[in-house]
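Fold and contact review
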Amino acid sequence: MKEKLELILKNASDEINNAKSLQDLDDVKLKYLSRKGELNSIKKNLKDLSDEDKRIVGALANKVSNELEDKITTKGEELYKIELDEKLKSERIDITLPSDFRPQGKIHPLTQTVNEIVEIFQGMGFSVMPSEYSPEVETEYINFDMLNFPPNHPAKDMQDTFYTKVAPNVILRSQTSGAQIRQMLNQTPPVRVISPGRVYRCESVSARKNNLFHQIEGLLVDKDITFADLKGILNEFVRIYFGSARPTRFRASYFPFTEPSAEVDVQCIMCGGKGCRTCSGTGWLEVLGSGMVHANVLRNVGIDPEVYSGFAFGMGVERLTMLKYAINDIRLFFNNDTRFLKQF
């Protein structure tokens, strides 16, 4: 057996030295050192030897086994380095070569505007209203009645509002103002929230109107809130969004849910206030409606108007985006024309 072990050592060493790949080396290890390998076969027959021969042959078998393990490890490291170098050479990338252009998607300009407006008002202490308070499918009671709309108000007409077949008086909301009702029903003052969302109106689609558009509603209710607070907040918003050089003006208006009510105009971006077709020659463009929350609205939600006051405002996201970037057709936002969208 001693001669046989020496022969195994010689043959295995030669095969290890001649191995050209890691797979060749695995084959050698399997042949000589596995459970069914030649070296293990000899170890199994040690039981047939005398005690003295067992000691001598067993020690030699272990020595051969350890020596072969060391040779295989050393050779394996050498072959691994060779194969790695060959792989790196074959898969080398020339970083000086021009790469293939892969177009990437962009955030939609309306989404960018919503994110920007939300960030501005969050910086002034407003929080975003929970989505469950601002559903797109709404009841006529929340959308109109709770907001102090008279029973015969023209906004309730089928020409302006989409009525559904879900149930009587269930509509697609025509404004985000209904969200303030749900907020005040679920939160006692102080209330300081904004609510972005989609709204629907039965409009003829044109360059300036669409039957689906986006609004952002704002509401602040607390003690001792005045119209001066409203003007301060909205002037600060316009300053941040359009820039400090853009003049604004407040015009008296009418909304059923606010009293007094006002519309906010900014100087026309197209003509710089000189008068053009876009601003109908006035030099001003309306950006939002606002006003002090009507006492009847506060009573409808269980808030005492003798103790609390507040203001609300609503702005069209499409209009603000068009004014900021000088876009002259609202339909561009919905046509999915990549030539338009990639500019943002």
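Only a predicted model underlies this, so the values are computations on that prediction, with no experimental measurement involved.

Conventions and cut-offs
Residues numbered from 1 in each chain as written. Predicted model: local features only at pLDDT ≥ 70, side-chain atom pairs only at ≥ 80, totals over all residues. Heavy atoms only, no water. Pairing = 2+ DSSP bridges. Helix = DSSP H or I, 4+ residues; strand = E, 2+ residues; numbered from the N terminus. 1 Å grid on protein atoms, 1.4 Å probe; cavity = no way out; pocket = protein on both sides within 12 Å on 5 of 7 lines; lining within 4 Å. Points joined across faces, edges and corners; volume = space filled by probe spheres on them. Nonpolar A, V, L, I, M, F, W, Y, C, P; charged D, E, K, R; others polar. Phe/Tyr/Trp six-rings, centres within 6.5 Å; stacked < 30°, edge-to-face > 60°. Buried < 20%, exposed > 50% of the residue type's maximum accessible area, 1.4 Å probe, protein only. Contact = heavy atoms within 4.5 Å. Axes fitted to C-alpha atoms, helices over the stretch in contact; angles between N-to-C directions. Salt bridge = Lys/Arg side-chain N within 4 Å of Asp/Glu carboxyl O. Core = buried A, V, L, I, M, F, W, Y, C linked by side-chain atoms within 4.5 Å.

**Here we look at the sheet that holds strand β2 (residues 137-139)**
In any sheet, the strands associate via hydrogen bonds between backbone groups, in a parallel or an antiparallel arrangement. If you walk across this open sheet you meet the three strands as β2-β4-β3, and the pairing is antiparallel. The sheet terminates laterally at β2 and β3 (162-163), the two strands that pair on one side only. Bridging between β3 and strand β4 (residues 170-172) involves two bridges; their strand directions are antiparallel. Bridging from a neighbouring strand, tyrosine 163 pairs with isoleucine 171 of β4.

**With respect to empty space enclosed by the protein**
Under the defined criterion, the tally for this structure stands at one cavity of 30 Å³ or more. By volume, the largest cavity amounts to about 30 Å³. In this structure, the largest cavity is lined by Tyr133, Ser134, Pro135, Glu138, Asn143, Arg173, Gln175, Thr176, Gly178 and Ala179. Considering only residue class, the lining of the largest cavity consists of three nonpolar, five polar and two charged.

**Observations regarding the packing of aromatic side chains**
Following the criterion strictly, the structure yields 14 aromatic pairs and no others. Seen from their ring centres, phenylalanine 121 and phenylalanine 313 are 5.1 Å apart, and the 25° between their planes marks the pair as stacked. Of the two residues, phenylalanine 121 is situated in helix α5 (residues 109-123) and phenylalanine 313 in strand β10 (residues 309-316); the sequence distance between them amounts to 192 residues. Grouping residues by exposure puts phenylalanine 121 and phenylalanine 313 together as buried. Consider the rings of tyrosine 325 and phenylalanine 344, whose centres lie 5.3 Å apart with planes at 85°: the pair is edge-to-face.

**Here's the deal with helix α7 (residues 178-186)**
Within the sequence span of α7, burial applies to Gly178, Ala179, Gln180, Ile181, Gln183 and Met184. On its buried face, α7 is in contact with α6 (140-143), β5 (191-200), β6 (212-222), β9 (284-293), α9 (295-300) and β10.

**A few points about the sheet that holds β5**
Here we have seven strands laid out as an open sheet, ordered β1-β5-β6-β10-β9-β8-β7, and mixed in their pairing. Because the sheet does not close on itself, it has two edges, and the strands there are β1 (127-128) and β7 (248-255). With eight bridges connecting them, β6 and β10 associate as antiparallel partners. The residue bridging isoleucine 216 from the neighbouring strand is methionine 315, located in β10. Packed onto the sheet, α7 meets β5, β6, β9 and β10 and runs at close to 35° relative to β6.

**Here's the deal with the pattern of salt bridges**
Any two side chains of opposite charge can pair if their charged atoms end up close together. Scanning the entire structure with this criterion turns up 13 salt bridges. Between glutamate 78 and lysine 75 there is a salt bridge, with the nearest N and O atoms lying 3.8 Å from each other. On the criterion of helical spacing, the pair formed by glutamate 78 and lysine 75 is a turn pair, its members being three residues apart in helix α4 (residues 51-90). By relative accessible area, glutamate 78 is classed as partly exposed at 42%.

**Remarks on the environment of alanine 252**
The residue alanine 252 is located in strand β7 in this model. Classification of alanine 252 by relative accessible area gives exposed; the value is 75%. In contact with alanine 252, not counting residues within four places along its chain, are Ser261 and Ala262.

**Some remarks on the layout of surface pockets**
By volume, the largest pocket amounts to about 1300 Å³. As for the largest pocket, its lining consists of 44 residues, of which Arg201, Phe213, Gln215, Glu286 and Arg319 are closest to the centre. Residue assignment for the lining of the largest pocket shows that the elements contributing at least two residues are β6, β7, β8 (258-267), β9, β10 and α10 (317-325). Here the lining of the largest pocket gets six residues from one element, more than from any other, and that element is β9. Classifying every residue of the lining of the largest pocket by side-chain character gives 19 nonpolar, 14 polar and 11 charged. Size it by volume and the second largest pocket reaches roughly 180 Å³. Contributing to the lining of the second largest pocket are Phe101, Pro103, Gln104, Gly105, Lys106, Ile107, His108, Pro109, Thr338, Leu341 and Lys342. Broken down by class, the residue content of the lining of the second largest pocket amounts to five nonpolar, four polar and two charged.

**So, the nonpolar core**
Counting 40 residues, the largest nonpolar core has Phe121, Phe237, Phe313 and Met315 as the members making the most contacts within it. Sorting the residues of this core by element identifies α5, β6, α8 (227-242), β8, β9, β10, α10 and α11 (338-341) as the ones contributing at least two each. Counting residues in each nonpolar core, the second largest holds 24 residues, with Phe144, Ile171, Val193 and Val297 among its members.

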